[in-house]
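The chain contents come next:
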Amino acid sequence: MAIMVSIPAGISANQESTLNLTENLGNTITQTEATINQTLTQIDCSLSSGFEGFGFAIIDRGSSGFAPPSSGGFGFTPGQFGNGTGVPGAFGGGAFSRGGTTAMNESLYYDISSIEGVAAVVPSLQASQGTNQTVEMFGRSFTRLVPDYVIEGLPLTSSLVDNYPILPMNITAGRNLQAGDSRVVLLSENNTAFFGAGVGDTIDILGQTFEVIGIHGSTGVEDRTTLYMNLSDAQSLTNNIGYITSITVFADSSDVVTEVANAISSLHPELSVVTGQQRLDQLEAMKTNYETALENAESTVAQTQSIAVQEIIVAVAATSLIVLFVMLYTVRERTKEIGTLKAIGFSNWTVMSQFMLEGVFLSLIAGVVGIAIASVAAPALSGLLLPAVSQGTFGRAFTSVANPGTTASITLTPQLILIALGAAVLLGTLGSLYPAWRASRTRPAEAMRYE
Amino acid sequence: MSEAVLKLENLSKSYSLGKRNVQALSNLNLQVNKGEFVAIMGPSGSGKTTLLNVLGCLDKPTGGKVLLDEVDVTKLPEKALYKIRSSKIGFVFQTFNLLPYLNARENVELPMEGTKKSKSERRRRASELLGMVGLSGREEHRPQRLSAGEQQRVAIARALANDPALILADEPTGNLDAKNKYEIVRLLANLNINQGTTIIMVTHDSHMASQTERLVFLSDGKITKEKQGLHLAKKKLTCPYCGSRTQLGDARCPSCKKRL
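Note that the structure is predicted; figures quoted are calculated from it, not measured. Along every chain, residues carry numbers that run from 1 in the direction the sequence is written. Working convention: letters from A go to chains and numbers from 1 go to ligands, in the order in which they are written. Confidence filtering applies because this is a predicted model: local features only for residues at pLDDT of at least 70, side-chain atom pairs given and counted only at 80 or more, and all residues used for totals across whole chains, interfaces and linings. As a rule here, side-chain values cover all heavy atoms of the structure and leave hydrogens and water aside.

(A) Quick peek at the overall build of chain A. Only DSSP runs of H or I reaching four residues or more are called helices, and only runs of E reaching two or more are called strands; each is numbered from the N terminus. If you tally the helices and strands in chain A, you get 12 helices and 11 strands. Burial classes follow relative accessibility: with a 1.4 Å probe on protein chains only, a residue under 20% of its type's maximum area counts as buried, one over 50% as exposed, and anything between as partly exposed. In chain A, which comprises 451 residues, the share counted as buried stands at 52%. Looking at chain A alone, contacts between residues at least 24 apart form 81% of all its contacts between residues at least 6 apart. Total accessible area on chain A stands at roughly 19100 Å², and carbon and sulfur atoms take up 57% of it. In this description, contact between two residues means that some pair of their heavy atoms is separated by no more than 4.5 Å. Every accessible area reported is derived by Shrake-Rupley at a probe size of 1.4 Å, with residue values counting cover from the shown protein chains alone.

What follows is the structure, given as structure tokens:
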């Protein structure tokens, strides 16, 4: 019975986690597509810089490691594009990271501004705050760093804010940041619960208070937990005065994007420069990656289900046979009792229903005991009985897309318990049918000869 | 004029044992009147148990009639038979056959299940019967806490539950010691004399049989001899210790002074 309960419990847990994953992957694909479209609609391109060479830590935004939403510009990101893993320095143990120890000096800004074909340069500072989380999945647990939020400081000058799409566009509450704002933040809708704050509230960040001026919805994979504020606020808050972590460059026109990118690269070979087209290619690659993972997840669900169905059939057959044999044995053992009952006037029907009732009652008890065992042993049992959803296939995808809190756990729902009890009664009835019939057919004269 | 509770007419029963055809009962004729205490005696294999099974509607004869209260039960379907078993016949077995997981009172109530009696009526009747067989205060005891003699008394109370026309007792004292044998016989005799219960008892204990008022000898499926019992008509029994006569109501044997 424990097995019978554990399997469906395991299935539903596995299914739930896989479906979660599928949903997440689906969302990610949609979001990636949105980002691709965003990038495509911009004629300009973005540049990204790697800095691996001299120890730039990566600012991992939402663990995806994407470059900032530098829509319509070049983005210098001191991070590896599309790599969500290489940032040990950025998060850890709740320590606040200021985006690595060697942020770019603001002077870069002036160098790049002077390049021909550059229309605007947007320096920004990102830093993330994260915590270690232990994630349970398919019977195993592993630790991963989950960023709670990412601070992004942007220069809030009217020449940039009014002319270039550097701020998030999807404002769900309050208002967007505007030129001259200070001591205010634009919070992600994904973080309102974390901070427990809404528009007009003040929140505490690293011991300083900021007013929430507005809430932005997540438009892409990148800014799901980003908290926007004035660059100078961010610099002083994170003790990074004079430093930035990325630069977004807007070219005069799409024709000169490559030229400008090359010029930046030759001026500062240490920067990795990514144009919009390159980003687009990378995003496409990401999308394909996610789609493959989604397919794998879906096929795993189907596979798990078919294995589970087979196991349930075996368990049901075994249970019925056990009931059958136990009841047959009981009937044999109690031939004399049956004979006595019939001799003192019990009808075949009464004798049969007595034994049926007994079989069903025993099965019901077994069912209750089984559910009790399963409620404790189901995770281990289903781990033994069901194939773990292959972690290798989408371990990375999972890491990239999972929100904190999407942990899979095996739960016995009331529905599942009812189904299990129903199965116990049904199997008890099935298994007792023949033995009870045999008992009712026992001829009392013969039964009496048994000692 | 005595009224026939049971009448056997040309009763035959044969069954095949492997290839052999065994004639267990052949052309048996017997009449038992209301209020009689009949002992059926005979060696092993004489057909005693087969006869009792046929009388108890547990087995069907191959020929002849069994008239129980003037109804030929051999013609009745199985469905009617269990009603007859429950209402007209009370069984007492050699091995008592009490249900071990029920207490004395519940065992006595068992035959009343399926009758019109209410739960409280059944309870009252069971307690009353247990009192009658001398087991007041033992109602809640399970069979394993009762002595063999007490168990058989519970079984007798159970047999009486539905006021049957006939008590069929199959070696009721076969598993009991002398003292308990005497008690059971005395109980059956009391029932017979005071309540007018008709009893047919199968036994191969001639001492037991001699306590009844009528003995029927069975051999090879035929009635070979019938004779009047020695004592019961005079309300007398035989002391199990010294063999002298005792009165039905005696608490001690008048000759050896042992407690009966």
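What follows continues from the structure just given.
(B) Broad picture of the overall build of chain B. In terms of helices and strands, chain B carries 7 helices and 12 strands. For chain B, with 260 residues in total, the buried portion stands at 55%. Taking contacts inside chain B between residues at least 6 apart in sequence as the whole, the part at least 24 apart equals 64%. Of the roughly 11700 Å² of accessible surface on chain B, a fraction of 47% belongs to carbon and sulfur atoms.

(C) Seen up close, the sheet that holds strand β1 (residues 4–17) of chain B. Residue and element names in this part refer to chain B. Here, strands pair whenever DSSP counts at least two bridges between them. Spatially, the 4 strands line up as an open sheet ordered β2-β1-β4-β5, and their pairing is antiparallel. Pairing within the sheet leaves two strands with one partner each, and these edge strands are β2 (20–33) and β5 (71–72). Bridge analysis of strand β4 (residues 63–68) against β5 gives 2 bridges, and the strand direction is antiparallel. Residue pairing in the sheet places L68 in a bridge with V71 of β5.

(D) Up close: helix α11 (residues 414–441) of chain A. Helix span is expected to be 1.5 Å times the residue number reduced by one. For α11 of chain A, which comprises 28 residues, the first-to-last C-alpha distance of 40 Å matches the rise-based estimate of 40 Å (1.5 Å per residue) to within 8%. Every buried residue of α11 of chain A is accounted for by L416, A420, A424, L427, G428, G431, S432, P435, A436, A439 and S440 of chain A.

(E) Highlighting helix α4 (residues 119–132) of chain B. All names here are of chain B. For α4, with 14 residues, the first-to-last C-alpha span of 20 Å sits near the 20 Å given by 1.5 Å per residue. Buried within α4 are the following residues: R122, R125, A126, L129 and L130. Down the axis of α4, the smallest arc covering the buried residues is 135 degrees, so these residues share one side. Looking at the packing, one finds that the buried side of α4 touches α3 (104–109) and α5 (148–160). The first or second residue beyond α4 is G134, which carries a positive phi of 80 degrees. By construction, the arc corresponds to the directions joining the helix axis to the C-beta atoms.

(F) Focus on the interface of chain B and chain A. Across the boundary between the two partners, chain B contributes 17 residues, which contact 19 residues of chain A. Buried area, as used here, totals the accessible surface that two parts lose on assembly, with accessibility defined by a 1.4 Å probe and the loss added over both. For the pair chain B and chain A, the summed buried area comes to about 1600 Å², and 59% of that belongs to carbon and sulfur atoms. The three residues of chain B that bury the most area against chain A are L58, Y82 and N97 of chain B, which together make up 27% of that side's buried surface. Take a side-chain nitrogen of Lys or Arg and a carboxyl oxygen of Asp or Glu: if they are within 4 Å of each other, that pair is a salt bridge. In this assembly, chain B and chain A are joined by 0 salt bridges. Pairs of N or O atoms within 3.5 Å make up the polar contacts considered here, provided that, within protein, one atom can donate a hydrogen while the other can accept it, and that residues adjacent in sequence are counted only when both atoms are side-chain atoms. Applying the counting rule to chain B against chain A returns 5 residue pairs in polar contact (both at pLDDT 80 or more). Following the grouping adopted for this structure description, the nonpolar residues are Ala, Val, Leu, Ile, Met, Phe, Trp, Tyr, Cys and Pro, the charged ones are Asp, Glu, Lys and Arg, and the polar ones are all others, Gly among them. Its residues placed into classes, the side of chain B that touches chain A shows 8 nonpolar, 4 polar and 5 charged.

(G) Layout of the side chain of T238 of chain A. Residue and element names in this part refer to chain A. With respect to the helices and strands, T238 occurs in the loop between α5 (231–237) and β10 (243–244). A relative accessible area of 6% places T238 in the buried class. Reaching out from T238, the side chain makes a polar contact with the backbone oxygen of A234 at a distance of 2.8 Å. Polar side-chain contacts of T238 include one of 3.1 Å to the side chain of N240.

(H) Fine view of the packing of aromatic side chains. All names here are of chain A. Only Phe, Tyr and Trp rings are paired, with Trp represented by its six-membered ring, and only when their centres lie within 6.5 Å; those with planes under 30 degrees apart are stacked, over 60 edge-to-face, the remainder tilted. Considering all chains together, one arrives at 5 aromatic pairs over all chains under this definition. Centroid distance Y149 to F194: 5.7 Å. Interplanar angle 55 degrees. Geometry classified as tilted. Of this pair, Y149 sits in strand β4 (residues 140–154) while F194 sits in helix α4 (residues 192–195), placing them 45 residues apart in sequence. What makes Y149 buried here is its relative accessible area of 5%. Judged by its relative accessible area of 43%, F194 is partly exposed. A ring pair is formed by Y434 and W437, whose centres lie 6.4 Å apart and whose planes are at 25 degrees; its orientation type is stacked. Of this pair, Y434 and W437 both sit in helix α11, separated by 3 residues, roughly a single helical turn. The class of Y434 is partly exposed, set by a relative accessible area of 39%. Following the ring pairs from residue to residue traces out a cluster consisting of Y149, F194 and F195.

(I) Focus on the environment of S46 of chain B. Residue and element names in this part refer to chain B. Topologically, S46 is positioned in the loop between β3 (37–41) and α1 (48–55). For S46, a relative accessible area of 2% corresponds to the buried category. Sequence separation of S46 and G221 is 175 residues, and the distance between their C-alpha atoms is 5.5 Å. Dropping the residues within four chain positions of it, S46 is found in contact with A24, L218, S219, D220 and G221.

(J) Broad picture of the pattern of salt bridges. Residue and element names in this part refer to chain B. In this structure the tally under the stated criterion is 18 salt bridges over all chains. Two residues, E36 and R214, come together in a salt bridge whose shortest N-O distance is 3.0 Å. One end of the pair, E36, is in the loop between β2 and β3; the other, R214, is in strand β9 (residues 214–219), and 178 residues separate them in sequence. Residue class for E36 comes out buried when judged on its relative accessible area of 15%. Classification of R214 as buried rests on a relative accessible area of 11%. A salt bridge links E150 to R138; the shortest N-O distance between them is 2.4 Å. Residue E150 is located in helix α5, and its partner R138 is located in the loop between α4 and α5; the two are separated by 12 residues in the primary sequence. Among the charged side chains, a network of salt bridges with common partners joins R105, E109, K119 and E140.

(K) A look at the environment of V150 of chain A. Tracing the backbone through its elements, the reader meets V150 of chain A in strand β4. In the structure, V150 of chain A is positioned 24 residues away from Q126 of chain A in sequence and 6.6 Å away in space, judged by C-alpha atoms.

(L) Layout of the pairing of strand β7 (residues 166–170) of chain B. Residues and elements named next belong to chain B. Counted residue by residue, β7 has 4 buried out of 5 residues, so it is predominantly covered. As paired strands, strand β6 (residues 89–92) and β7 are joined by 4 bridges and run parallel to one another. If you follow G90 over to β7, its bridge partner there is I167. Of the strand pairs in this sheet, β7 and strand β8 (residues 199–202) are connected by 4 bridges, and their pairing is parallel. Along β8, the bridge assignment pairs A169 with M201.

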